[in-house]
Amino acid sequence: MAEPATPAVSVPMVRIRPPQPWEALDLSGLWRYRDLLLALAVRDIKLRYRQTVLGVLWVLLQPLLGAGIFAFVFGRVARLDSGGEPYVLFAYAGLVVWNLFSGVVLKASGSLLANASLVSKVFFPRLLLPFSGALSTLLDFAISLIVGVILLCVSGHTPGPALLLAPFWLFFLLLLATGIGLLSSALAVSYRDVVHVLPVGLQFLLYGSPVGYTIAVIPDGLPRMLYKLNPLAPLIEGFRVSVLGHGFVGLRSGSYACVVATLIFVTGLIVFRRMERQFADVI
């Protein structure tokens, strides 16, 4: 007697193909793993303030002390112009966005090395690590921003309609910081020198950006044109102008900064995705 025929089992066909160039820009994985992204950001915040005496007060003291030092050096000693605003308030507005930029860059650049055991043993989108550092830095920025609002109220300053442009400058500043962080974090896996060089470079960039002074103090002509090649300069100045209402950012320099920030973000994303396959083997 013939045995009954075994029903055919359909096997899904898997097509293997090289990644397309546009796939490096696909950020949908961040949304699919949003719970893990939030968990990593919360973990970073808890580790940062665990067993600290002052805790979150460090977030408040850092820009306040920095603004006080800048007010003394640039306001009292150098007697630079602050547009009629108290120099502490003027410097604080610059330091808040600078701390946001440097915090995102530093946390993103060291995120892969700090989670080496996780990267080498568990599969998940590696983009979550640098982006989680950016999220935790945004919390610090929000706390510092609340103090800035209190300083504005105490000084009797009322922001004008230009305040509506502040999120615009912050968005492109975050693009620039995240792009640099993605690029440096990917390179740091193979070249550990990046982790040591980056903080030094940020220190030079701090004084090469209008944090404690305004772009107007740079001599007009070639020096100012070369100074504005730093895309961070128009972004910081634009945020401060939006908050305080004094100063001016040209359309050309502002557009240049936004374009460069976008290009650096896209470049960092592409380099990160191209090197992502080697992270678990090299780290």
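Residues numbered from 1 in each chain as written. Predicted model: local features only at pLDDT ≥ 70, side-chain atom pairs only at ≥ 80, totals over all residues. Heavy atoms only, no water.

Asks: Pulling in residues and values, what's your account of the overall build of the protein?
Replies: Along the protein, the regular secondary structure elements total 13 helices and 0 strands. Beginning at the N terminus, the succession of helices and strands in the protein can be written as α-α-α-α-α-α-α-α-α-α-α-α-α. A total of 283 residues make up the protein; the buried ones form 42% of that total. Intrachain contacts of the protein at a sequence separation of at least 6 include 80% that bridge at least 24 residues. Taken as a whole, the protein presents about 16100 Å² of accessible surface, with 69% of it coming from carbon and sulfur. (Helix = DSSP H or I, 4+ residues; strand = E, 2+ residues; numbered from the N terminus. Buried < 20%, exposed > 50% of the residue type's maximum accessible area, 1.4 Å probe, protein only. Contact = heavy atoms within 4.5 Å. Areas by Shrake-Rupley, 256 points an atom, 1.4 Å probe, with all protein chains shown as cover.)

Asks: Outline the packing of aromatic side chains, listing residues and values.
Replies: A full pass over the atoms with the stated rule returns 9 aromatic pairs. Centre to centre, the rings of tryptophan 98 and phenylalanine 101 are 5.6 Å apart; their planes meet at 40°, and the pair counts as tilted. With a gap of 3 residues between them, tryptophan 98 and phenylalanine 101 both fall in helix α4 (residues 87-109), about one helical turn apart. Ring pairing ties together the aromatic residues Phe70, Phe74, Tyr213 and Tyr227, which thus form one cluster. Lying over the aromatic face of phenylalanine 90, arginine 240 brings its terminal NZ or CZ to 4.1 Å of the ring centre. (Phe/Tyr/Trp six-rings, centres within 6.5 Å; stacked < 30°, edge-to-face > 60°. Lys NZ or Arg CZ within 6 Å of the ring centre and 35° of its normal.)

Asks: So what about the nonpolar core? Which residues, and what values?
Replies: In this structure, Trp98, Phe101, Leu173 and Phe279 are the most contacted members of the largest nonpolar core, which totals 67 residues. Within the residue set of this core, elements represented by two or more residues are α2 (34-49), α3 (57-77), α4, α7 (128-155), α8 (166-190), α9 (193-207), α11 (232-244) and α12 (251-275). The element best represented in this core is α4, accounting for 13 residues. Not counting residues within four places of it along the chain, the set of residues in contact with phenylalanine 279 comprises Leu112, Val119, Arg126, Ala186, Val189 and Phe272. (Core = buried A, V, L, I, M, F, W, Y, C linked by side-chain atoms within 4.5 Å.)

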